[in-house]
Amino acid sequence: MRDAVWELLLEAADTLRRLPNREQGWLTAAARAHWPDYVRNTAEEFAGAVGSAGRQTAPVLRPTPARAEAIDRMDTVLLWLPLAGGANARRDVSILFELACGLRVQVLRQRFGCGRRTVYDVRDRGVARICGWLRSQSELCRKLE
């Protein structure tokens, strides 16, 4: 059950990343719309010249949009996050979800001033707390373990 909860947290983080940021798109489009044609052409030529000068860059692809079912699961999983907190609830929930979002352990260690093992312990205890709550709320979950 712990693996399933962790996978749902990973999926929720991925779904959150796939949601559109309408304001960012609007600002980017507005900024580009005001560029004169010669600036746009020069920027494209410069990018082509830099790319051909030996540094090959991979195109940045946008992730596919989140599906409705994934958004529903994300909403449910995000409601579980406050249950993951221990004595230092704010730190615990932050570490758990930031790990699920793919933030490196080194960054979390520096941000929260703790050791590598502490980061993983916070994750494991948070997932265990969520599992305990799910067992108390659902007969189906009680049968899983």
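Bear in mind the structure is a predicted one, so any value in this text is a computation, not a measurement.

**Remarks on the pattern of salt bridges**
Reasoning step 1: Here the structure, examined in full by the defined rule, presents nine salt bridges.
Reasoning step 2: With a shortest N-O distance of 2.7 Å, R111 and E98 are connected by a salt bridge. Of the two residues, R111 sits in helix α6 (residues 105-112) while E98 sits in helix α5 (residues 89-100), which places them 13 residues apart along the sequence.
Reasoning step 3: For R111, a relative accessible area of 47% puts it in the partly exposed group.
Reasoning step 4: With its nearest N and O atoms 3.1 Å apart, the salt bridge here joins R117 to D121. With R117 and D121 both in helix α7 (residues 116-137), this residue pair falls four residues apart, about one helical turn.
Reasoning step 5: The network of salt bridges with shared partners includes R117, D121, R123 and D124.

**Points about the packing of aromatic side chains**
Reasoning step 1: Applying the stated rule across the entire model yields zero aromatic pairs.
Reasoning step 2: R123 extends its terminal NZ or CZ atom over the ring of W6, reaching a point 5.5 Å from the ring centre.

**Some words on helix α1 (residues 2-18)**
Reasoning step 1: For α1, spanning 17 residues, the distance from its first C-alpha to its last is 24 Å, which sits close to the expected 24 Å at 1.5 Å a residue.
Reasoning step 2: Every buried residue of α1 is accounted for by V5, W6, L9, A12, A13 and T15.
Reasoning step 3: Those residues of α1 that are buried lie in contact with α4 (68-80), α5 and α7.

**Brief notes about the packing of α1 against α4**
Reasoning step 1: For the pair α1 and α4, the least separation of the axes is 9 Å and the interaxial angle reads 120 degrees. With respect to α4, the axis of α1 lies oblique. Considering the relative orientation of α1 and α4, their crossing is left-handed. Contacts between α1 and α4 involve L8, L9, E11, A12, T15 and L16 from the first element and A70, I71, R73, M74, V77 and W80 from the second.
Reasoning step 2: Residues that form the contact of α1 with α4 fall into these classes: nine nonpolar, one polar and two charged.

**A word on the packing of α1 against α5**
Reasoning step 1: Here α1 crosses α5 at 70 degrees, and the two axes come no closer than 8 Å. In terms of orientation, α1 lies roughly perpendicular with respect to α5. Contact with α1, carried on its side by W6, L9, L10, A13 and L16, involves L96, F97, L99 and A100 of α5 and no other residues of that element.
Reasoning step 2: Looking at the contact of α1 with α5 residue by residue, the class counts come to nine nonpolar, no polar and no charged.

Reading guide: rules and limits
- Residues numbered from 1 in each chain as written.
- Predicted model: local features only at pLDDT ≥ 70, side-chain atom pairs only at ≥ 80, totals over all residues.
- Heavy atoms only, no water.
- Salt bridge = Lys/Arg side-chain N within 4 Å of Asp/Glu carboxyl O.
- Helix = DSSP H or I, 4+ residues; strand = E, 2+ residues; numbered from the N terminus.
- Buried < 20%, exposed > 50% of the residue type's maximum accessible area, 1.4 Å probe, protein only.
- Phe/Tyr/Trp six-rings, centres within 6.5 Å; stacked < 30°, edge-to-face > 60°.
- Lys NZ or Arg CZ within 6 Å of the ring centre and 35° of its normal.
- Expected span 1.5 Å × (residues − 1).
- Contact = heavy atoms within 4.5 Å.
- Axes fitted to C-alpha atoms, helices over the stretch in contact; angles between N-to-C directions.
- Parallel < 35°, antiparallel > 145°, perpendicular 65-115°, else oblique.
- Left-handed = near helix turned anticlockwise from the far one by under 90°.
- Nonpolar A, V, L, I, M, F, W, Y, C, P; charged D, E, K, R; others polar.

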